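What the coordinates show
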Amino acid sequence: MAVLKVTPSKDTPKRDIAASFGSHRLGLSDALVWALAIFAYFFLGAYHQLGTQVIIMIILALSLDLAIGYSGIESLGHAVFFGIGAYAAALFALNVLSEPLTGLVVGGLAAGAFGFVTGLLVLRVRGLTQVILTIAIGAVVLQVATTWKSVTGGDDGLAGYQVAPILGRYSFDLYGHTAYLYSLCVLAFVFALARILVNSPFGYVLRGIRDNDQRMRMLGVPVAARLLLIYSISAAIAGVAGAISAQVTGLVATDSLSFLLSGNVLIMLLIGGMGRLTGAFIGGIIFVIFSDRAAAIDPFNWLFMLGGLLILAVRFTPQGVGPWIDRMGGYLLDRRRKP
Amino acid sequence: MKRFSLLAFAAVLASLSISTDAHSAEVKIGIIGSFSGPYAEWGVQFKRAVDLYVEKHGGKLGGHTVEVLYRDSGGPNPARAKQLAQELITREGVQFLGGMDFTPNAVAVADVVTQAKIPFVIFNANTADTTRKSPYFLRVGCTIWQLAYGITRYAIDQGKKKAVVFAVDYAPGHDAIAAYDANYGKLGGKIVDVVKVPLDTTDFSSYFQRLQDANADVLFTFVPNGPISVALFKGYFERGLAQRGLQYFGLGETEEAPLAALGQTGELAIGVYSSLFYGPHSPESTANKEFVNALEAKYGKGAIPNIGTVEAWDGIHLIAHMTEATDGKLDGEKALAAAKGYSWESPRGSIRSNGT
């Protein structure tokens, strides 16, 4: 891809080129979240439960970012893949094998396969119709899960499966120490994968499709096939998030398929910023921790506070909090360089 | 502008860091229930009763200062309930847990409380086998069997021998169906149709049509109090099922509060039977009158207690008793031993704990 090779000429300042390929570099926000995650492991032992929830949501938001932020696939039904991944991992643990890593793969594959099939339908249309279609698919799957009691347990939820220790050594504990490290490792893996993906030629093609699919088609890009591929990948990652959730929680219920979850993860992405991967981290952290604290302070009206946060975020950081932190970081670094 | 946005963000962050446990109490109690969403009435009633009880005892239970932490499951959501229980135990260090409106939520926390050896006083969650899921479960509610089994006999005594059952399609609903079926058939009645409804149903018209088509004399029900119970009652009245000869024999849905909310007190409710063990006017005991008056004095005229209120009241009373026995220290075994065989005078009458 010739487009990608930009050689700096003498009259272009280096920073500008670097800035236009910002996603290649590790910004301050990247360093910050990973430092925070490791800090949390050593110093915030009591918060590992919450930390695990944050990480699961980050993985889900990452998968949504690949679909919406990078490829312009407008999905408001991503919980479907999360839920299918969760149910698949739980059923696998219940009926086949209790080994968690295989369970993750099964969850991811099940959700990815479902993403492939529904993608054939969803990706034929764009815009509002696409949004409605994803919601509709979500509603159908939720209904199936509620009614098909012999498999999913319906409204009682699916429980009673055991998850074996990870690698045969580290079993899940009440305090969530193992769960936290486990999900953090999966997150690191998923993040690395997503990063390689979006910075590859494939990733640039996706951004091209997002911005102007007509033009990409004229350039000879098989748009439909590319979109189907990323939609399946995104679904599989969401499924992995669901599988972790099923394994660390020890049960799956229909709420993992709910529209509410689809909406929440989109809100996380809005808060953090789309099309930049780190947005998922920032949004996930802010959303989950804020919800947790707000609900502890006022169990009746915490949703009201959450709404307030969203209004503030949209009003003052319409691109999300992520770019804003990076700008602040750039500003600080510049000041240090030029005294 | 930029500075202002910085300030706004800082304010949000600051609000996050405000901790709820500013003051330290000797005993911490965690209450899990539905405080938001369509089933929030449960949380409202739980909190009213518990707050009133703690206030009445000067902020002390069993001679120890207490702090009650309320956590919102937002309706039937087992995964969330389990996380909340784990966090209350590991992060907040609670000595007792209580609450739970829905059976799936209660079942979800069984492993957690067994592992942590923390007594969990289930307020409601009335599926019969819930308490068997953990030795640390104690329930102050009832079982659906207790309610449903007996009312079938009353229906037979009224000469009603053809019934239709309307139940929500999850564990307690299945209990209700089984209990109705077990006794009614034995006494010579016949259940002609069983209508099972998913928990999150919003449109009931096709289900009501089936009730109408069943051509039965008796309607047996089980639905959790909330949007479904209101919809069921509304449908029953609006379709004139009573005039068609279908008489209502229900459980908890027949409470005063939802009826009042529908404006259906008075004549329409006449002829609706219920086997529920509690109402603001039944029993007509001094304990109950005092309870109702105390609630009204604290929360105003509209604070009509329901089973959630009285269950929470008894639940916190049992926790207070266990706190006294353990002298405010964390000792699950000792607390359970103290609860077994303990009896007390409740607004619903005198009750005794059998240790489960």
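These remarks concern the structure in this document. (Residues numbered from 1 in each chain as written. Chains lettered and ligands numbered in written order. Predicted model: local features only at pLDDT ≥ 70, side-chain atom pairs only at ≥ 80, totals over all residues. Heavy atoms only, no water.)

1. Details of the overall build of chain B
Let me state the cut-off plainly: Starting at the N terminus, helices and strands are each numbered in turn, a helix being any DSSP run of H or I of at least four residues and a strand any DSSP run of E of at least two. Relative accessible area decides the class of each residue, using a 1.4 Å probe on protein chains only: under 20% of the type maximum gives buried, over 50% gives exposed, and in between gives partly exposed. Each accessible area value is a Shrake-Rupley result obtained with a 1.4 Å probe; residue values ignore everything except the protein chains displayed when judging cover.
Check the secondary structure of chain B and you find 13 helices and 13 strands. Scored against the burial criterion, the 356 residues of chain B give a buried share of 58%. Roughly 14,100 Å² of accessible area belongs to chain B as shown, and the carbon and sulfur atoms make up 51% of that amount.

2. Some thoughts on the interface of chain B and chain A
Stated precisely, the cut-off is as follows: In what follows, a contact means two residues having at least one pair of non-hydrogen atoms within 4.5 Å. Throughout, the accessible surface (probe 1.4 Å) given up by two parts as they are put together, summed over both, is called the buried area. In what follows, salt bridge is the name for a side-chain nitrogen of Lys or Arg lying within 4 Å of a carboxyl oxygen of Asp or Glu. As used in this structure description, the phrase polar contact means that two N or O atoms lie within 3.5 Å; if the pair is within protein, one of them must be able to donate a hydrogen and the other to accept it, and residues adjacent in sequence are counted only when both atoms belong to side chains.
Contacts between the two partners involve 44 residues from chain B and, on the opposite side, 37 residues from chain A. Together, the buried faces of chain B and chain A total about 3,700 Å²; carbon and sulfur atoms form 64% of this surface. At the junction of chain B with chain A, the criterion picks out 3 salt bridges. The partner of Arg 91 of chain B in a salt bridge is Asp 292 of chain A, and the shortest N-O contact between them spans 3.2 Å. Our count for the contact surface shared by chain B and chain A stands at 7 residue pairs in polar contact (both at pLDDT 80 or more).

3. With respect to the nonpolar core
Residues and elements named next belong to chain B. Our working rule: Side-chain atoms within 4.5 Å are what join buried Ala, Val, Leu, Ile, Met, Phe, Trp, Tyr and Cys residues into a set we call a nonpolar core. The domain limits used here are those given by an automatic or database domain assignment.
Core analysis: the biggest nonpolar cluster contains 108 residues, and Phe 166 and Phe 220 have the highest contact counts within it. At 9 residues, helix H12 (residues 307-326) tops the list of elements feeding residues into this core. Mapping this core onto the domain boundaries places at least three of its residues in each of domain 1 (25-141 + 283-351) and domain 2 (143-272). Excluding residues that lie within four positions of it along the chain, Phe 166 makes contacts with Val 195, Val 197, Phe 204, Tyr 207, Phe 208, Leu 211, Leu 219, Phe 220, Thr 221, Phe 222, Val 223 and Leu 232.

4. Concerning helix H13 (residues 332-339) of chain B
Residues and elements named next belong to chain B. Our working definition: Think of the arc as the fan of directions from the helix axis to the C-beta atoms.
Of the residues making up H13, those classed as buried are Gly 332, Ala 335, Leu 336, Ala 338 and Ala 339. The buried residues of H13 occupy an angular sector of 160° when projected down its axis, which confines them to one face. In this structure, the buried side of H13 is in contact with strand E4 (96-99), strand E6 (137-139) and H12. Directly beyond the C-terminal end of H13, a positive phi value near 85° is found at Gly 341.

5. Thoughts on empty space enclosed by the protein
All names here are of chain B. Our working definition: Throughout, the protein atoms alone are placed on a 1 Å grid, and a set of points is a cavity if a 1.4 Å probe fits but cannot get out or a pocket if it is open with protein on both sides within 12 Å along at least five of seven lines; lining residues have an atom within 4 Å of a point. Grid points are joined across faces, edges and corners, and a volume is the space filled by probe spheres set on the points. Charged means Asp, Glu, Lys or Arg here, nonpolar means Ala, Val, Leu, Ile, Met, Phe, Trp, Tyr, Cys or Pro, and polar covers whatever is left, Gly included.
A complete count under the given rule lists 5 cavities of 30 Å³ or more for this structure. Of the volumes computed, that of the largest cavity is approximately 200 Å³. Every residue lining the largest cavity is counted, 23 residues in all, and those nearest its centre are Asn 124, Asn 126, Ile 144, Phe 222 and Pro 224. Each residue belonging to the lining of the largest cavity can be placed in one class, and the counts come to 15 nonpolar, 6 polar and 2 charged. Two domains share the lining of the largest cavity, each providing at least three of its residues, namely domain 1 (25-141 + 283-351) and domain 2 (143-272).

6. Some details on the packing of aromatic side chains
Quick reminder of the rule: Two rings from Phe, Tyr or Trp (for Trp, the six-membered ring) form a pair when their centres sit within 6.5 Å of each other. Planes less than 30 degrees apart are called stacked, planes more than 60 degrees apart edge-to-face, and all others tilted. In this scheme, the term charge over a ring applies when either NZ of a lysine or CZ of an arginine sits within 6 Å of the ring centre and within 35 degrees of the ring normal.
In total, this model carries 26 aromatic pairs over all chains according to the counting rule given. The interplanar angle of 70° and the centroid separation of 5.5 Å between the aromatic rings of Phe 172 of chain A and Tyr 182 of chain A together place this pair among those described as edge-to-face. Of the two residues, Phe 172 of chain A sits in the loop between strand E1 (158-159) and helix H8 (177-198) while Tyr 182 of chain A sits in helix H8, which places them 10 residues apart along the sequence. Of the residues examined, Tyr 182 of chain A reaches a relative accessible area of 5% and is grouped as buried. Ring plane angle 20° and centroid distance 6.1 Å describe the contact between Phe 166 of chain B and Phe 208 of chain B, whose orientation is recorded as stacked. Linking Phe 166 of chain B in strand E7 (residues 162-168) with Phe 208 of chain B in helix H8 (residues 205-213), this pair joins segments that are 42 residues apart in sequence. For Phe 166 of chain B, a relative accessible area of 0% puts it in the buried group. The exposure class assigned to Phe 208 of chain B is buried, which follows from its relative accessible area of 7%. Among the aromatic residues, those joined into a cluster by ring pairs are Tyr 154, Tyr 180, Tyr 184, Phe 220, Phe 249 and Tyr 273 of chain B. The positively charged end of Arg 207 of chain A is found above the aromatic ring belonging to Tyr 204 of chain A, 4.6 Å away from the centroid.

7. Some thoughts on the pattern of salt bridges
Scanning the entire structure with this criterion turns up 18 salt bridges over all chains. Across the pair Asp 156 of chain A and Lys 149 of chain A runs a salt bridge, and its minimum N-O distance is 3.8 Å. Residue Asp 169 of chain B is joined to Lys 149 of chain A by a salt bridge in which the shortest nitrogen-to-oxygen separation is 3.8 Å. Pair noted here: Asp 169 of chain B is in the loop between E7 and helix H7 (171-186) and Lys 149 of chain A is in helix H7 (residues 149-152), and the two residues belong to different chains. Given the relative accessible area of 13%, Asp 169 of chain B is considered buried.

8. As for the sheet that holds strand E8 (residues 190-197) of chain B
Residues and elements named next belong to chain B. For the record, the criterion: For two strands to count as paired, DSSP must find a minimum of two bridges between them. What counts as an axis is a line fitted to C-alpha atoms, over the stretch in contact for a helix, and the angles between N-to-C directions run from 0 to 180 degrees.
The strand order E8-E7-E9-E10-E11 describes an open sheet built from 5 strands, whose pairing is parallel. If you trace the sheet from one side to the other, it starts and ends with E8 and strand E11 (273-274), each paired once. Of the pairings in the sheet, the one linking strand E10 (residues 247-250) to E11 comprises 2 bridges and is parallel in character. Of the residues in E11, the one forming a bridge with Gly 250 is Ser 274. Across the sheet, helix H6 (residues 144-157) lies against strand E9 (218-222), E10 and E11, angled at about 175° from E9, the strand it touches most. Of the strands in this sheet, E7, E9 and E10 touch helix H9 (residues 227-238), which is tilted by about 165° from E10.

9. A word on helix H5 (residues 100-122) of chain A
An α-helical segment advances 3.6 residues per turn. Residues three or four places apart therefore align on the same side. Residues and elements named next belong to chain A. What counts, and what does not: Helix span, as expected, comes to 1.5 Å for every residue beyond the first.
For H5, spanning 23 residues, the distance from its first C-alpha to its last is 31 Å, which sits close to the expected 33 Å at 1.5 Å a residue. For H5, the complete set of buried residues consists of Pro 100, Gly 103, Leu 104, Gly 107, Gly 108, Ala 111, Gly 112, Gly 115, Thr 118, Gly 119 and Val 122. Among the structural elements, helix H4 (79-95), helix H6 (128-147), H8 and helix H11 (223-249) are those in contact with the buried residues of H5.

10. Looking at the packing of H4 of chain A against H5 of chain A
All names here are of chain A. Definition in use: What sets the label is the angle itself: under 35 degrees gives roughly parallel, over 145 gives roughly antiparallel, 65 to 115 gives roughly perpendicular, and the rest give oblique. Two helices crossing with the near one rotated counterclockwise from the far one by less than a right angle form a left-handed crossing, whereas a clockwise rotation gives a right-handed crossing.
Two numbers describe how H4 lies on H5: the axes approach to 8 Å, and their chain directions differ by 140°. What the angle tells us is that H4 and H5 run oblique. Along this stretch, H4 crosses H5, giving a crossing that reads as right-handed. Along the contact surface, H4 presents Val 80, Phe 81, Ile 84, Gly 85, Ala 88, Ala 89 and Phe 92, while H5 presents Thr 102, Gly 103, Val 106, Gly 107, Ala 110, Ala 111, Phe 114, Gly 115 and Thr 118.

11. Here we look at unusual backbone geometry
Residue and element names in this part refer to chain B. A cis amide bond links Ser 282 to the next residue, Pro 283, at an omega of 5°. Tracing the chain through its elements places Pro 283 in the loop between E11 and helix H11 (286-299). The backbone of Ala 125 shows a phi angle near 35°, a positive value even though the residue is not glycine. In this fold, Ala 125 is placed in the loop between strand E5 (120-122) and E6. Taking the relative accessible area as the measure of exposure, Ala 125 reaches 1% and is therefore buried. Backbone geometry at Asp 327 places phi at a positive 55°, although glycine is not the residue there. Relative to the assigned elements, Asp 327 resides in the loop between H12 and H13.

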